[in-house]
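As a plain string of letters, each chain reads:
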Amino acid sequence: MFGFWKTWKALEARGIMGINRRNADYVLKYNKRSLYPIVDDKIITKERAIAAGIHVPELYGVISTEKEIDNLHDIIGGRNDFVIKPAQGAGGDGIIVVADRFEGRYRTVSGKIISHEEIEHHISSILTGLYSLGGHRDRALIEYRVTPDQIFKSISYEGVPDIRIIVLMGYPVMAMLRLPTRQSGGKANLHQGAIGVGVDLATGLTLRGTWLNNIITKHPDTTNAVDGVQLPYWDGFMKLASGCYELCGLGYIGVDMVLDQEKGPLILELNARPGLNIQIANDCGLTLRTHAVEARIEELKARGVVETVQERVEFVQEMFGHIPAVEG
Ligand SMILES: Nc1ncnc2c1ncn2[C@@H]1O[C@H](COP(=O)(O)OP(=O)(O)O)[C@@H](O)[C@H]1O
Ligand SMILES: [Mg+2]
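Report follows, based on the coordinates. Please read these numbers as outputs of a predicted model, since none were measured by experiment.

Rules used throughout
Residues numbered from 1 in each chain as written. Chains lettered and ligands numbered in written order. Predicted model: local features only at pLDDT ≥ 70, side-chain atom pairs only at ≥ 80, totals over all residues. Heavy atoms only, no water. Near = heavy atom within 4 Å. Polar contact = N/O pair within 3.5 Å; in protein donor to acceptor, adjacent residues only side chain to side chain. Areas by Shrake-Rupley, 256 points an atom, 1.4 Å probe, with all protein chains shown as cover. Helix = DSSP H or I, 4+ residues; strand = E, 2+ residues; numbered from the N terminus. Nonpolar A, V, L, I, M, F, W, Y, C, P; charged D, E, K, R; others polar. Domains from an automatic or database assignment. Donors = N, O, S within 2.8 Å, 3.2 Å for Na, K, Ca; no water. Buried < 20%, exposed > 50% of the residue type's maximum accessible area, 1.4 Å probe, protein only. Pairing = 2+ DSSP bridges. Axes fitted to C-alpha atoms, helices over the stretch in contact; angles between N-to-C directions. Contact = heavy atoms within 4.5 Å. Expected span 1.5 Å × (residues − 1). Phe/Tyr/Trp six-rings, centres within 6.5 Å; stacked < 30°, edge-to-face > 60°. Lys NZ or Arg CZ within 6 Å of the ring centre and 35° of its normal.

Near ligand 1 you find 21 residues, and of these Lys42, Lys85, Gly92, Asp162 and Glu269 are the closest. At 3.2 Å from an oxygen atom of ligand 1 is found a main-chain nitrogen or oxygen belonging to Ala188. Compared with its free state, where it exposes 550 Å², ligand 1 has 98% of that area covered by protein. Elements supplying a minimum of two residues to the shell around ligand 1: β2 (82-86) and β13 (264-271). In terms of residue class, the shell around ligand 1 is made up of eight nonpolar, five polar and eight charged. Counting contributing residues per domain, the shell around ligand 1 is built from domain 1 (17-39 + 149-320) and domain 2 (58-143), each supplying no fewer than three.

As structure tokens, this is what we get:
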């Protein structure tokens, strides 16, 4: 705990963003209330993304009422793997990742064997709002299970790592790779016990890692180094994240993406109140970067210019990249 405080204090001097500033100066200022459902409901996010031609894990079906739970067999069909999640869930809660079938039952990604009835019961809990923000009634969605790209094999334990990029008015400001651990049960959510690793915006090279608020260099399960890893399709991820501003209209978001072995980069979800731990993983405060972007927007506004996705990505890579991108 002490180590964590020391880190936090040192970061404060370097423009760290606290929760009050995030809420007042970014979430409330840039995110219009009426647009929240687009990001707070994963089914609506998916519909929007598809309409915009952005790739997402395929939706197999939606269950909205107790009666529709009878449709589960048909929705799963002959598939051996799939994911069930609450449309309005958060923090990885209520998500079941089924990896295989086993003697008339299912095997989850962390090896737990569950019956069809147990899944039905779980869906019923989702509908009552057990996992939704504010405990409101919710819907369950059944979707394609992402198989992570081979690149992550040595630095990830089960499950799917995800790439989080914080985007201000279409400008990516900070990125982090989140790696599942034995503790996180195949999910990439930090408070479930996943590792957060900073990423250089210019190159897609990983920086240092943080685990349960400590700074680490190796994955606790695989013992491989988490820094210095080159993420593939990096500019593609940057552009995908940047374009999510046009997709949802919210000015301050966390974009969560995954790299599927077959389908390539996919958008998993968008967050209207992205967490602040990304600053520790990057050893850098967010406000230093958000202020630079806000100044840029002001300057462009005065000139009557609006930048494209490509221009926005180039601007932040030049501004915030640790290692300048090599020419050519
Ligand atoms: N379709 C999927 N296939 C495999 N793993 C998934 C899938 N969807 C989610 N996960 C895992 O669960 C984590 C949380 O999922 P996400 O959709 O971001 O929900 P939440 O809002 O709860 O964070 C992801 O980071 C990933 O590790
Ligand atoms: Mg998430």
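Okay, back to it.
At 2.0 to 2.8 Å from the magnesium ion (ligand 2) lie its protein donor atoms, namely Asp256 (OD) and Glu269 (OE). With Asp256 in strand β12 (residues 252-260) and Glu269 in strand β13, this residue pair connects regions lying 13 residues apart in the sequence. With respect to burial, Asp256 and Glu269 carry one shared label: buried.

Turning to the sheet that holds strand β11 (residues 214-216), a few remarks are in order. Whenever strands of a sheet pair, they do so through backbone hydrogen bonds, lying parallel or antiparallel. Spatial ordering of the open sheet is given by β11-β10-β9-β8-β7-β12-β13, a layout of seven strands whose pairing is antiparallel. A strand with exactly one partner marks an edge of an open sheet, and here the two such strands are β11 and β13. Strand-to-strand twist of the sheet, defined as the mean angle between neighbouring strand axes without regard to direction, takes the value 30°. Here strand β7 (residues 162-168) pairs with β12 via six bridges, running antiparallel. Bridging across to β12, Leu168 finds its partner in Tyr252.

Across the sheet, six strands lie side by side as β1-β6-β2-β3-β4-β5; this open sheet has antiparallel pairing. Each edge of the open sheet carries a strand with a single partner, namely β1 (59-63) and β5 (113-114). Both strand β3 (residues 96-102) and strand β4 (residues 105-108) contribute to a ladder of four bridges, which runs antiparallel. By the bridge assignment, Arg101 is partnered in β4 with Tyr106. Of the strands in this sheet, β1, β2 and β6 (140-143) are in contact with helix α4 (residues 42-51), which crosses β6 at around 45°. Here helix α6 (residues 116-128) sits on the sheet and contacts β1, β2, β3, β4, β5 and β6; the angle it forms with β2, its principal contact strand, is near 30°.

Let's shift gears to unusual backbone geometry. In this structure, Glu103 takes a positive phi of about 45° despite not being glycine. Inspection of the secondary structure assignment puts Glu103 in the loop between β3 and β4. Positive phi, normally seen in glycine, also occurs at Met169, with a value near 50°. One can find Met169 in the loop between β7 and β8 (171-179).

Once that is clear, we can look at helix α10 (residues 309-320). Between the first and last C-alpha of α10 there are 16 Å, a value that for 12 residues agrees with the 16 Å anticipated at 1.5 Å per step. Here α10 has its buried residues at Arg312, Val313, Phe315, Val316, Gln317 and Phe320.

Here the structure, examined in full by the defined rule, presents five aromatic pairs. Summarising the aromatic geometry, the rings of Tyr26 and Tyr30 are spaced 5.9 Å apart at their centres and angled 20° between planes, so their arrangement reads as stacked. Pair noted here: Tyr26 and Tyr30 are both in helix α2 (residues 19-30), with a separation of four residues, about one helical turn. Tyr30 matches Tyr26 in its accessibility class, with the two residues each being buried. Ring centres of Tyr171 and Phe315 lie 5.9 Å apart, and the angle between their planes is 85°; this geometry places the pair in the edge-to-face category. In this pair, Tyr171 sits in strand β8 while Phe315 sits in helix α10, placing the two residues 144 residues apart along the sequence. For Tyr171, a relative accessible area of 3% gives the class buried. Through pairs of rings, three or more aromatic residues link up here, namely Tyr26, Tyr30 and Tyr252. Sitting above the plane of the Tyr36 ring, Arg33 keeps its charged end 4.4 Å from the centroid. Directly above the aromatic system of Tyr60 lies the positively charged group of Arg79, at a separation of 3.5 Å from the ring centroid.

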